Amino acid sequence: MDNRFSNLNERFKLVLYVLVVISLVATIPYLANRTKLESSAKQVEFIFDYRGLTEIANYQSKPEKYLDEQLATLKTAGVKSMAIYESTLKDLQLLKRINYYSTEELEKAQKLDSTSSENFTYIIYSDDDARIEMDPFIREAFSNVSIREWTFNGKQGIVIEAALAEAIMKPIGFDPITLNKLSSDGFEIIPRFSDRSLPYDHEKVKQQMEVFEQLGVTHILFDGDSVKGFTDQEDLKSLDLFGNLLNQHHIGIISIENLLPQSQYGFNYLAKITNFNVVRLYSLSGIDATRLTADTIVDRFLLAAKDRNIRMFYLNAAIFNNPGKAGLVSSLDNLFIAFDDQVGIIPTLEKQGFPTEEAEAFQVNKNSWENPLKVLIILGALSLITLCISSFFMLLTIPSFIIGIISSIGLFFYNSDILMQALALGVGVSTPTLAIITVLKMILRKQTTPVNHKKNLLTALKLLVITTVITLTSVPFIVSLLNNVSYMLSINQFRGVSVLHLAPIALVTLYILLFIDKSPIKRLRYILIQSIKVWWVIAVVVIGIVGFYYISRTGNSGEAPAIEIFIRKILENSIGVRPRFKEFMFAHPLYLFGLFLVLRYRLAIPFLIIGSVGQLSLVDTFAHIHTPLYISTIRIFLGLGLGVLIGLILILVYVFIENLFRKYIMNRV
């Protein structure tokens, strides 16, 4: 009975292989759709922080003249958009619209004794034009407190019965004078909405959106840790109301890259409401804009546009005291160098196919063929996972496939996103594991060969190709299963990166230790009864140190050593795409070297564990959905090419040393 069931499981593997092939064909439309989606929005847009510019201007002897000059220079350089915050009283004072005082400050200015029990905010308008524009603007913002007329030194103003410390923090809307000035100067407006004005006032926001549509606003950016309407969503459904307003006025939203510790609250929900009318933005801090070299800034922007689908660049302003120069240094000076019209940011990006125009969201189209093909792809993914399981336990082939189908159906109705991510992770872990085990079985079926370096080298290269082909079967499945623009925009993340970086290594190691020849139980019993040797302990310590460093370098948190950064920069500048350092300098060369050795010496089998690092890295490269497919493809083949080259050098060095050893040592013995 056991033999019959075992044979049935063995024959069922053929069905799994057929399903994998059919599913691979079914992924072709998804791959084409992904490529089309990535090329649907290439324009890049540069945005300057207007508040920062006004702060720099106020350090100058003639602020208004300086501000106008810098605006003209920025526009000439290629910065066509200005980010405008919801103004506060402090902003309006910087812009010379008003002056404000607390009760205590006013009494000191009038040289009066401080006897008042009040703590109010006193506002004086700079001139009649400012009063006409700003008075209704400010009164509306402070409509919940008492306001009265007031004059000081012949100028009209108002008294707001609120403490100055509180009043200057309150957002009071977008300054209409600034909006009209920048619009008439030819700048695109990027409003920065906050969620600080509570409760959410839908009518006020509606009026603001109508003004923005008239000004030609196409995108908004959020200020603070949450999006407009998030706080009152539970009571007022304010996020839904705000999202519908955005759709009515054809205005998209902007996602800030690497906003830590997390994205702005409510952003993902709002993105879904707007059908992912989202553009990714890279923000250059004021410190970086001042201290980084112009070349480094250009490199950062190019890498962001090319590798991470960034289409907006936010330029923060900053000003610093420089004792060495006995003066002030602003970020503008360095930025203008970076925007050189010959070798700067804009010509560099344009050469790579990113013209400077108004940024657009990726064009998402829902196709009728997606759902039927997705069923086939799910079956193919389950087949790959089952084939990996069968490599360890043949008797579980049919049961694991059936359990996988039942679980997938249940998970689909519970949360289809979790199902797709789980299958993508399962395929990502299974294919490199299956690839190494398949090659290991092929090697074990062969007899160890005598000294024939040429034949062994060709066989090792062939086995490396087989390993890579099996591993890369996961790529079309991952692309198809995670076929959603939310992954390209990093709104959704591919989960389980740490699992992907560890599981194939652990599984290959487990297979080598327990499943190569004897039964797993016998192998385990044999290992457990062995006496612990000192070199084992040393080996475990070394492996632990290497493993800790490896894990620390996974994801985005690890810090690369200086030599790696240097090599990366050379490759980026010379080739245009940098391969992964651990692939071409470590994993691929040692795997090829290990394959070459293991054909003669079975003791070299542990080298194949190192090979799993390179193979899982191939999968991980494509799991970065925000990176364009063609960039990932170039990256892995560059890594393989350089890795093979370094591996060949290792083999030549080994053969040379071996020949010397045979010639001068063995002959004497």
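None of the values given here were measured: they were computed from a predicted structure.

Q: What exactly am I supposed to notice about the sheet that holds strand E6 (residues 155-160) here?
A: Strand pairing in a sheet is mediated by backbone hydrogen bonds. Such pairs are either parallel or antiparallel. Strand order across the open sheet formed by 4 strands is E3-E4-E6-E5, with antiparallel pairing between neighbours. Taken across any chain shown, the strands that pair with only one partner, and hence form the sheet edges, are strand E3 (98-102) and strand E5 (147-152). For this sheet, the mean inter-axis angle between neighbouring strands, taken without regard to orientation, is 30°. With 5 bridges connecting them, E3 and strand E4 (residues 121-125) associate as antiparallel partners.

Q: How should I be thinking about the pattern of salt bridges in this particular structure?
A: Side chains that differ in charge, positive against negative, can pair when their charged atoms come close. On inspection of all chains with the given rule, the structure shows 15 salt bridges. Glu-257 is paired through a salt bridge with Arg-280; the nearest N and O atoms lie 3.7 Å apart. Here Glu-257 is found in the loop between strand E9 (252-256) and helix H13 (267-273), whereas its partner Arg-280 is found in strand E10 (residues 278-284), with 23 residues between them in sequence. Each of the two residues, Glu-257 as well as Arg-280, counts as buried. For Arg-600, the salt bridge identified is with Glu-658, shortest N-O distance 3.0 Å. On the criterion of sequence distance, the pair formed by Arg-600 in the loop between helix H28 (581-598) and helix H29 (607-623) and Glu-658 in helix H30 (residues 629-666) is long-range, its members being 58 residues apart. Using a relative accessible area of 9% as the deciding quantity, one classes Glu-658 as buried. Among the charged side chains, a network of salt bridges with common partners joins Asp-68, Lys-181 and Asp-185.

Q: Which parts of the structure should I look at to understand the packing of aromatic side chains?
A: We describe a pair of aromatic rings using the distance from one ring centre to the other and the angle between the two ring planes. Taken as a whole, this structure holds 24 aromatic pairs when the rule is applied. Between the aromatic rings of Phe-222 and Phe-242, the centroid separation amounts to 6.1 Å while the plane-to-plane angle is 65°, which identifies the pairing as edge-to-face. Note that Phe-222 is positioned in strand E8 (residues 219-222) and Phe-242 in helix H12 (residues 238-248), a separation of 20 residues in sequence. On the basis of relative accessibility, which here comes to 0%, the residue Phe-222 falls in the buried class. Following the ring pairs from residue to residue traces out a cluster consisting of Phe-174, Phe-193, Phe-212, Phe-222, Phe-242 and Phe-267. Residue placement shows Arg-51 over the ring face of Tyr-85; its charged tip is 4.0 Å from the ring centre. Arg-291 extends its terminal NZ or CZ atom over the ring of Phe-320, reaching a point 5.3 Å from the ring centre.

Q: Help me understand the sheet that holds E9, please; the structure alone is not making it clear to me.
A: On the basis of which strands lie adjacent, the closed barrel formed by 7 strands has the order E1-E2-E7-E8-E9-E10-E11 and parallel pairing. On average, each strand axis in the sheet is inclined to that of its neighbour by 35°, with strand direction left out of account. Sheet topology note: the E10/strand E11 (residues 312-315) ladder contains 4 bridges and is parallel. Its bridge partner lying in E11, Ser-283 is registered against Tyr-314.

Q: Honestly, helix H20 (residues 416-445) in this entry has me stumped. Any pointers?
A: It helps to recall that an α-helix has 3.6 residues per turn; residues three or four apart then point in one direction. Between its first and last C-alpha atoms H20 spans 42 Å; for 30 residues at 1.5 Å apiece the expected length is 44 Å, and the two agree. N-capping of H20 is provided by Asn-415, with a side-chain oxygen placed 3.0 Å from the backbone N of Asp-417.

Q: Just to check I follow, could you spell out the side chain of His-626 for this structure?
A: Position of His-626 among the secondary structure elements: in the loop between H29 and H30. Apart from residues no more than four positions distant in its own chain, His-626 is found in contact with Arg-280, Asp-307, Arg-308, Asn-309, Tyr-487, Met-488 and Ser-490.

Rules used throughout
Residues numbered from 1 in each chain as written. Predicted model: local features only at pLDDT ≥ 70, side-chain atom pairs only at ≥ 80, totals over all residues. Heavy atoms only, no water. Pairing = 2+ DSSP bridges. Helix = DSSP H or I, 4+ residues; strand = E, 2+ residues; numbered from the N terminus. Axes fitted to C-alpha atoms, helices over the stretch in contact; angles between N-to-C directions. Salt bridge = Lys/Arg side-chain N within 4 Å of Asp/Glu carboxyl O. Buried < 20%, exposed > 50% of the residue type's maximum accessible area, 1.4 Å probe, protein only. Phe/Tyr/Trp six-rings, centres within 6.5 Å; stacked < 30°, edge-to-face > 60°. Lys NZ or Arg CZ within 6 Å of the ring centre and 35° of its normal. Expected span 1.5 Å × (residues − 1). Polar contact = N/O pair within 3.5 Å; in protein donor to acceptor, adjacent residues only side chain to side chain. Contact = heavy atoms within 4.5 Å.

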